[in-house]
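Okay, here's what each chain looks like letter by letter:
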Number of protein chains: 2
Amino acid sequence: MSVITVLLVDDHLVVRSGLRALLGTQPDMAVVAEAASGEEALQRLEHDAVAVVVMDLAMGAGMDGIEAIRLIRERNHSQAILVFTTYDSDADIVRAVDAGAMGYLLKDAAPDEIFAAIRGAVQGKSVMSAPVASRLFQQLRNPDEILTPREAELLSLLTQGLSNRELGKRLFISEATVKTHLAHIYAKLGVDTRAAAIATAIRREGMR
Amino acid sequence: MSVITVLLVDDHLVVRSGLRALLGTQPDMAVVAEAASGEEALQRLEHDAVAVVVMDLAMGAGMDGIEAIRLIRERNHSQAILVFTTYDSDADIVRAVDAGAMGYLLKDAAPDEIFAAIRGAVQGKSVMSAPVASRLFQQLRNPDEILTPREAELLSLLTQGLSNRELGKRLFISEATVKTHLAHIYAKLGVDTRAAAIATAIRREGMR
DNA sequence: AGCCGTATCAGCCAAAAGGGTGAGAGACGG
DNA sequence: CCGTCTCTCACCCTTTTGGCTGATACGGCT
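Note that the structure is predicted; figures quoted are calculated from it, not measured.

Novice: Sorry, what's going on with the protein's contact with DNA strand D here?
Specialist: Around DNA strand D, the structure places 18 residues, and the nearest of them are Thr148(A), Ser174(A), Lys179(B), Tyr186(B) and Arg194(B). Note that a phosphate oxygen of DNA strand D is positioned 2.4 Å from one of the side-chain N or O atoms of Thr148(A). Take Arg150(A): an N or O atom from its side chain is 2.8 Å from a phosphate oxygen of DNA strand D. If you list the elements that add at least two residues to the surface near DNA strand D, you get helix H7 (149-158) and helix H9 (175-189) of chain A together with helix H8 (164-171) and helix H9 (175-189) of chain B. Residues of the surface near DNA strand D, tallied by class, amount to five nonpolar, eight polar and five charged.

Pasting the structure below:
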């Protein structure tokens, strides 16, 4: 039985220590490197060959986890990437998977779940926490509720508190078009005011 | 030199493990108990005497950290309570301190900072992370920006996306009064639309 | 007693947002 | 080639919101 080598990427030292301690209980796993940021993770991968990268999405300043995943994939590193994060926002899940993540775990996952996900990842299996899976499932089941790229862009600006006029200027479109997009967004989110849309977006999508 | 006994309260197993590992490196500290929820923390305190409680604020379902702090204080437990959490929202800091927390640390704090905070806490010293302290300071410096209880209540409902009419019904006041409160809130937050107020509130106060 | 902060309400007016309909231009896939 | 999606824009009309001014009432502090 070969040992699964792991790179831990998380900006919180305590989380890295905890994960290291946890994985240390498994004879077939070994944490061979740690990184506190996306940049550092890429560096580590240049030197240390690992089988699995376990990565947090939110990482303070600098590049976020999604970006890091994309870059690792681009550079043709062959590691399996597992997302290990606190919040399960719809947008993050989709973006992470689509950036090339093999699995998506929540930080309150049971140890066994984490071990299983890591073992599965090296075998090319995709593993996710139950709540995560159900969210993904729901997205696939209701394609009508998926925002178009333009709508998502607008919604993101909306959550910053911009007015229709400002949105128009920012996106180089007329106020009329802004209103059209907003109407579509409201319909998809199931709300009927911008206030509710902002509330829903921030809470659902983790648009902080 | 006596050993400082610690109770760890965090719903994430990895965080508890990490903290345990971290504190294990210090000869004068010993983690003697762990709890994954506020309820469990109270139970533990009935049986195990500890000098310091290190507690996360966000804890999935059930009682939140603030509530747990309040209850521990009410029951006259004499432990020093240290908040150890990810986000530094203005509201959380104020509420935690006012519920009886001795210190407020962010999860990305350096190990030395954590050790110092724990040692300080048992001596009755109050220690906080630099970003936390600066936020508190700013609140004290600008008393004009502190919302009244009623305004805070309204803002909290506002972030749920309610209209003026709905706010009025919910708070048993007229729409006119709602508008007055809103005008004051906007002035204090430095915005001029409800959308911006919601965005600011959710990002600043952590009103998730 | 007088002052101040807080909470309550009213009326007026201008600006912004929301709802509905219709429509043209590209892109993409069947 | 046609249908569907997406993005774009316009017009009309109603509702909501925001800005302003002013007023009453209660509690606490000096």
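Next comes the rest of the description.
Novice: Looking at this model, I keep getting lost on the sheet that holds strand E3 (residues 52-55) of chain A. Mind explaining?
Specialist: Two modes of strand pairing occur in sheets, parallel and antiparallel, and in both the strands are linked by backbone hydrogen bonds. All names here are of chain A. Strand order in the open sheet formed by five strands is E2-E1-E3-E4-E5, and the pairing between neighbours is parallel. Only two strands of the sheet have a single partner each, and these edge strands are strand E2 (29-35) and strand E5 (103-106). Ignoring strand direction, the axes of neighbouring strands in this sheet form an average angle of 25°. With four bridges connecting them, E3 and strand E4 (residues 80-85) associate as parallel partners. Counted as the bridge partner of valine 52 is alanine 80 from E4.

Novice: Which parts of the structure should I look at to understand the protein's contact with DNA strand C?
Specialist: Taken together, 17 residues lie around DNA strand C, and Lys179(A), Arg194(A), Thr148(B), Ser174(B) and His181(B) are the ones closest in. Within 4 Å of the protein, atoms of DNA strand C come from sugar and phosphate in 71% of cases. Measuring from a phosphate oxygen of DNA strand C, one finds a backbone N or O atom of Arg194(A) at 2.6 Å. Only helix H8 (164-171) and H9 of chain A together with helix H7 (149-158) and H9 of chain B provide two or more residues apiece to the surface near DNA strand C.

Novice: Help me out: how do you make sense of the pairing of strand E4 (residues 80-85) of chain B in this one?
Specialist: The two faces of the sheet receive side chains in turn, since in a regular strand these alternate between them. All names here are of chain B. A large share of E4 lies buried, amounting to six of its six residues. Because side chains alternate across E4, one face comprises the buried residues Ala80, Leu82 and Phe84, and the other comprises Ile81, Val83 and Thr85, equally buried. Two strands pair when backbone bridges link them, and E4 and strand E5 (residues 103-106) are joined in this way by four bridges, in the parallel orientation. Bridge pairing in E5 links valine 83 to tyrosine 104.

Novice: Is there a simple way to think about the interface of chain A and chain B in this case?
Specialist: When the parts of a complex come together, some accessible area is lost, and that lost area is often used as the size of the interface. Taken together, the 29 residues of chain A in the interface contact 29 residues of chain B. Here chain A meets chain B over a buried area of about 2,300 Å², counting both sides, of which 67% is carbon and sulfur. Seen at the junction of chain A and chain B, the total is zero salt bridges. Summed over the shared surface of chain A and chain B, the number is two residue pairs in polar contact (both at pLDDT 80 or more). If you list the elements that add at least two residues to the side of chain A that touches chain B, you get helix H1 (13-24) and helix H10 (194-205) of chain A. With eight residues, the top contributor of residues to the side of chain A that touches chain B is H1(A). Its residues assigned to classes, the side of chain A that touches chain B comprises 15 nonpolar, eight polar and six charged.

Novice: Sorry, what's going on with the packing of H7(A) against H8(A) here?
Specialist: Packed helices, taken two at a time, are described by the angle their axes make and the gap between the axes. Residues and elements named next belong to chain A. Direction vectors running N to C along H7 and H8 enclose 130°, while the axes themselves pass 10 Å from each other. In terms of axis orientation, H7 runs oblique to H8. Between H7 and H8 the crossing geometry is right-handed. Taking contact as the criterion, the partners of Arg150, Glu153, Leu154, Leu157 and Leu158 in H7 are, on H8, Leu167, Arg170 and Leu171.

Novice: Honestly, H9(B) in this entry has me stumped. Any pointers?
Specialist: Each turn of an α-helix holds 3.6 residues, which means side chains three or four residues apart point in the same direction. Residue and element names in this part refer to chain B. Look at H9: 21 Å from first C-alpha to last across 15 residues, which is about the 21 Å you get at 1.5 Å a residue. Three or more residues of H9 are buried, namely Val178, His181, Leu182, Ile185, Tyr186, Lys188 and Leu189. All buried residues of H9 lie within an arc of 160° about the axis, which places them on one face of the element. In H9, the exposed positions that point more than 90 degrees away from the buried face belong to Ala176, Lys179 and Ala187. One side-chain oxygen at the N-terminal end of H9 lies 3.2 Å from the backbone nitrogen of alanine 176; it belongs to serine 174. Looking one or two places after H9, you find glycine 190, whose phi comes out positive at around 75°.

Conventions adopted
- Residues numbered from 1 in each chain as written.
- Chains lettered and ligands numbered in written order.
- Predicted model: local features only at pLDDT ≥ 70, side-chain atom pairs only at ≥ 80, totals over all residues.
- Heavy atoms only, no water.
- Near = heavy atom within 4 Å.
- Polar contact = N/O pair within 3.5 Å; in protein donor to acceptor, adjacent residues only side chain to side chain.
- Helix = DSSP H or I, 4+ residues; strand = E, 2+ residues; numbered from the N terminus.
- Nonpolar A, V, L, I, M, F, W, Y, C, P; charged D, E, K, R; others polar.
- Pairing = 2+ DSSP bridges.
- Axes fitted to C-alpha atoms, helices over the stretch in contact; angles between N-to-C directions.
- Buried < 20%, exposed > 50% of the residue type's maximum accessible area, 1.4 Å probe, protein only.
- Contact = heavy atoms within 4.5 Å.
- Buried area = accessible area lost by both parts, 1.4 Å probe.
- Salt bridge = Lys/Arg side-chain N within 4 Å of Asp/Glu carboxyl O.
- Parallel < 35°, antiparallel > 145°, perpendicular 65-115°, else oblique.
- Left-handed = near helix turned anticlockwise from the far one by under 90°.
- Expected span 1.5 Å × (residues − 1).
- Arc of directions from axis to C-beta.

Limitation: the analysis is restricted to geometry and does not speak to function.
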